[in-house]
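Examination of the molecular architecture
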Amino acid sequence: MLGKLELLVDEKAILGEGPTWDDRRQVLYWLDITGKKLHIYDYRRENNRTIKLDQMPGTIVPRT
């Protein structure tokens, strides 16, 4: 085993999908598709921010 697994966010997403790491910002974007939420986990601050969406998202892609 390479390391210890640890629960960082106990969000209880309905359909958690699409984890995308943003190396520049040191955040993890992930979706609750059927819950219509975008989550942004800030690794440095150990904080998860949730943005409620109007419709079900399909994917998340960081851009400049």
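So, here's what we can say about the structure.

Analysis parameters
- Residues numbered from 1 in each chain as written.
- Predicted model: local features only at pLDDT ≥ 70, side-chain atom pairs only at ≥ 80, totals over all residues.
- Heavy atoms only, no water.
- Helix = DSSP H or I, 4+ residues; strand = E, 2+ residues; numbered from the N terminus.
- Buried < 20%, exposed > 50% of the residue type's maximum accessible area, 1.4 Å probe, protein only.
- Contact = heavy atoms within 4.5 Å.
- Areas by Shrake-Rupley, 256 points an atom, 1.4 Å probe, with all protein chains shown as cover.
- Lys, Arg positive; Asp, Glu negative; His and termini not counted.
- Charge placed at Lys NZ, Arg CZ, Asp CG, Glu CD.
- Pairing = 2+ DSSP bridges.

To continue, consider the overall build of the chain. When its secondary structure is counted, the chain shows 0 helices and 4 strands. Its helices and strands in sequence order give the chain the pattern β-β-β-β, from N to C terminus. Each principal axis of the C-alpha distribution contributes one length, and for the chain these read about 35 × 30 × 20 Å. Each of the 64 residues in the chain was classed as buried or not, and the buried ones make up 23%. Contacts in the chain between residues far apart in sequence, at least 24 positions, make up 19% of those at least 6 positions apart. Summing over all exposed atoms, the chain offers an accessible surface of approximately 5400 Å²; the carbon and sulfur share of this is 51%. Of the charged side chains in the chain, 11 are positive and 10 negative, and the gap between their average positions amounts to 5 Å.

On to the pairing of strand 3 (residues 37–42). For strand 3, the tally of buried residues reaches 5 of 6 residues, placing the bulk of the element in the interior. Bridging between strand 2 (residues 27–32) and strand 3 involves 6 bridges; their strand directions are antiparallel. The residue of strand 3 that forms the bridge with Leu28 is Tyr41. In textbook terms, the turn of a hairpin is the stretch between consecutive antiparallel strands, and for strand 2 and strand 3 this stretch comprises 4 residues, one of which, Lys36, has a positive phi near 55°. As paired elements, strand 3 and strand 4 (residues 47–52) share 6 bridges and run antiparallel to each other. Bridge assignment links Lys37 to a residue of strand 4, and that residue is Lys52.

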